[in-house]
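Descriptive structure summary
Spelled out, the chains give:
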Amino acid sequence: MGSRIQLFREHTVARPLFLDALKEKVLVFDGAMGTNIQVYNLTREDFGGKEGLNDYLVVTKPQVIREIHEGFLKAGVDCLETNTFGSNRLKLGEYGIADKIVEVNTAAVKLARELADKYSTPGHPRFVVGSMGPTGMLPASEDPDLGRVTVEELEAIYYEQASIMIDAGVDALLVETSQDILEMRAAVFGCHKARVEKKSRVGLMAQTTLDTTGRMLLGTDITSVLATFSRLPIDVIGMNCSTGPKEMKDSVRYLSQYSEIPISTIPNAGLPENRGGQAVYPLKPGDLAAALKEFVEEFGVNVVGGCCGTTHEHLRQVVEAIGKQAPKKRQVTHACNVSSMIKAVSLDQDPKPL
């Protein structure tokens, strides 16, 4: 296993334009896709019969995705995430369209690429980041159904999606909303394998999602996440979704103290509230902007953005608050000590099919 990790390290490459910008300024990602799609009140026909599969709209209703993307670009964001969160073979297979994986991912990237290029200027380049969410499997669990998958199988799933998006023209790959540390690790290896084989210089980001207690779904905390992923070939580590910035603060502080690579923080617009059977995200645009500005200035966060519930106005105010601010120089403490490493999932631990 050690030689494999060394191979990945020796071949780690990243697209200069994206990482150069990351060194120069704090990058602002866009906001929510799913909750903004809900505003359109789309029908089953709009989804091409695949109701609920937001990713398929890039094929059946691309104008909706175009309008959402363009709204964020007009707000001034630096990076667009592709509408491909669930466009891996496993998730598409749940809707009976696994065979359309190339079509869906390629359409999503090309749509975002066209708009990013349209709004780019020499003084303000815009980037396209390929979004990859969880498969729905939990390899670190003992669940007889969700745990019935190997790391090798998951690595192949993410390798396939990453390869398609690299070919289509992304500037970076983003493994996001990760709930299982073994799947997250497999995704990183799959993505990195794709960029090595294609001699691509895209960046690679990995974001976990933590609940209000600061843990992943199966109990992994931020110290274990960092201890594991500090050994892997990623360019940015961070968190997104699940909570608002208030609940993320302690974990962000930890990363700021101990992560040697750039940090990303992309929270929801607060914790969702059930109002009349609907999830409502209460954090106002100005409050989100103030919280992310604090993360940038106090903790040296390098990438900010918005997840569920964040609108174009949320991101407009984030852009206004952050401006063209350069990343703060962080004093990093080397904290991958014995206690952290014990809690981390071993890189040699692969789940076995049940």
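Below is a short write-up of the structure.

Scoring rules and cut-offs
- Residues numbered from 1 in each chain as written.
- Predicted model: local features only at pLDDT ≥ 70, side-chain atom pairs only at ≥ 80, totals over all residues.
- Heavy atoms only, no water.
- Helix = DSSP H or I, 4+ residues; strand = E, 2+ residues; numbered from the N terminus.
- Buried < 20%, exposed > 50% of the residue type's maximum accessible area, 1.4 Å probe, protein only.
- Contact = heavy atoms within 4.5 Å.
- Areas by Shrake-Rupley, 256 points an atom, 1.4 Å probe, with all protein chains shown as cover.
- Pairing = 2+ DSSP bridges.
- Right-handed = clockwise from strand over helix to strand, strands pointing away.
- Core = buried A, V, L, I, M, F, W, Y, C linked by side-chain atoms within 4.5 Å.
- Phe/Tyr/Trp six-rings, centres within 6.5 Å; stacked < 30°, edge-to-face > 60°.
- Lys NZ or Arg CZ within 6 Å of the ring centre and 35° of its normal.
- Expected span 1.5 Å × (residues − 1).
- Axes fitted to C-alpha atoms, helices over the stretch in contact; angles between N-to-C directions.
- Left-handed = near helix turned anticlockwise from the far one by under 90°.
- Nonpolar A, V, L, I, M, F, W, Y, C, P; charged D, E, K, R; others polar.
- 1 Å grid on protein atoms, 1.4 Å probe; cavity = no way out; pocket = protein on both sides within 12 Å on 5 of 7 lines; lining within 4 Å.
- Points joined across faces, edges and corners; volume = space filled by probe spheres on them.
- Salt bridge = Lys/Arg side-chain N within 4 Å of Asp/Glu carboxyl O.

1. Overview of the overall build of the chain
- Each helix and strand in the chain was counted, giving 14 helices and 10 strands.
- Evaluated residue by residue, the chain yields a buried proportion of 55% over its 354 residues.
- Pairs at least 24 apart in sequence give 81% of the contacts found in the chain among residues at least 6 apart.
- When the accessible surface of the chain is summed, it comes to about 14800 Å², and 51% of that surface belongs to carbon and sulfur atoms.

2. What to know about the pairing of strand E7 (residues 263-266)
- Neither face of E7 is exposed, since Ile263 and Thr265 on one face and Ser264 and Ile266 on the opposite face are all buried.
- Looking at chain direction, strand E6 (residues 236-240) and E7 are connected through four bridges and run parallel. Considered in E7, the bridge of methionine 239 is made with threonine 265.
- Taken together, E6, helix H11 (residues 245-258) and E7 constitute a β-α-β crossover, and its handedness is right-handed.

3. Considering the pairing of strand E3 (residues 127-132)
- Here E3 lies mainly inside the structure; six of its six residues are buried.
- Along E3, one buried face is formed by Phe127, Val129 and Ser131 and the opposite face, lined by Val128, Gly130 and Met132, is buried too.
- The pairing of strand E2 (residues 79-81) with E3 spans three bridges and is parallel. Note on E3: the bridge partner recorded for leucine 80 is valine 128.
- Inspection of the sheet shows E3 paired to strand E4 (residues 172-178) by four bridges, in the parallel sense.

4. Examining the nonpolar core
- Counting residues in hydrophobic clusters, the biggest one holds 76 residues, and the most contacted among them are Leu173, Phe229, Val304 and Val318.
- Looking at this core element by element, the count peaks at nine residues for helix H7 (residues 101-119).
- With residues near it in sequence (within four places) discarded, valine 318 still touches Val28, Leu288, Ala289, Leu292 and Val304.
- Among the nonpolar cores identified, the runner-up in size contains 17 residues, and Phe18, Leu22, Phe127 and Leu174 belong to it.

5. Regarding the packing of aromatic side chains
- Counted according to the given criterion, the structure contains three aromatic pairs.
- Over the face of the ring belonging to tyrosine 159 we find lysine 193, whose NZ or CZ atom lies 4.9 Å from the ring centre.

6. As for helix H8 (residues 151-168)
- A rise of 1.5 Å per residue sets the reference length of H8, with its 18 residues, at 26 Å; its end C-alpha atoms lie 26 Å apart and thus fit the reference within 8%.
- Looking one or two places after H8, you find glycine 169, whose phi comes out positive at around 115°.

7. Topic: the packing of helix H10 (residues 222-229) against H11
- At a minimum axis separation of 10 Å, H10 and H11 run at an interaxial angle of 35°. Here the hand of the crossing between H10 and H11 comes out right-handed. Along the contact surface, H10 presents Ile222, Thr223 and Leu226, while H11 presents Ser251, Tyr254, Leu255 and Tyr258.
- The residue makeup of the contact of H10 with H11, split by class, is five nonpolar, two polar and no charged.

8. Side note on the sheet that holds strand E10 (residues 303-304)
- Read across the open sheet, the eight strands follow the order E1-E10-E7-E6-E5-E4-E3-E2; overall the sheet is parallel. At either margin of the open sheet sits one strand with a lone partner, and together these are strand E1 (27-28) and E2.
- As paired strands, E1 and E10 are joined by two bridges and run parallel to one another. Residue pairing in the sheet places leucine 27 in a bridge with valine 303 of E10.
- Contacting strand E5 (203-208) and E6, H10 crosses the sheet at an angle of about 155° to E6.

9. Concerning unusual backbone geometry
- We note that asparagine 41 has phi near 50°; this positive angle belongs to a residue other than glycine.
- Position of asparagine 41 relative to the elements: it lies in the loop between helix H3 (34-38) and helix H4 (57-60).
- Asparagine 41 sits in the exposed class, given a relative accessible area of 65%.
- For serine 242, which is not a glycine, the phi torsion comes out positive at approximately 70°.
- Structurally, the position occupied by serine 242 is in the loop between E6 and H11.
- Judged by relative accessible area, serine 242 falls into the partly exposed class, the value being 28%.

10. Brief notes about the layout of surface pockets
- The space that makes up the largest pocket amounts to roughly 670 Å³.
- The wall of the largest pocket is formed by 32 residues, among which Met33, Gly34, Asn54, Phe85 and Cys308 lie closest to the centre.
- Elements that contribute at least two residues to the lining of the largest pocket include exactly H3, helix H5 (62-75) and E4.
- If you tally residues by element for the lining of the largest pocket, the top one is H3, at three residues.
- Grouping the amino acids of the lining of the largest pocket by side-chain chemistry returns 11 nonpolar, 16 polar and five charged.
- Size it by volume and the second largest pocket reaches roughly 400 Å³.
- The wall of the second largest pocket is formed by 15 residues, among which Glu260, Ile261, Pro262, Asn302 and Arg330 lie closest to the centre.

11. Observations regarding the pattern of salt bridges
- Under the defined criterion, the tally for this structure stands at 17 salt bridges.
- A salt bridge links aspartate 117 to arginine 113; its shortest N-O distance comes to 3.2 Å. One end of the pair is aspartate 117 and the other is arginine 113, both in helix H7 and four residues apart, which spans about a single turn.
- We classify aspartate 117 as partly exposed; its relative accessible area is 45%.
- Given a relative accessible area of 16%, arginine 113 falls into the buried group.
- In this structure, glutamate 294 and lysine 249 form a salt bridge, with 2.8 Å as the shortest nitrogen-oxygen distance. In this pair, glutamate 294 sits in helix H12 (residues 285-299) while lysine 249 sits in helix H11, placing the two residues 45 residues apart along the sequence.
- Through salt bridges that share partners, Arg113, Asp117 and Asp171 make up one connected network.

Keep in mind these numbers describe shape, not what the thing actually does.
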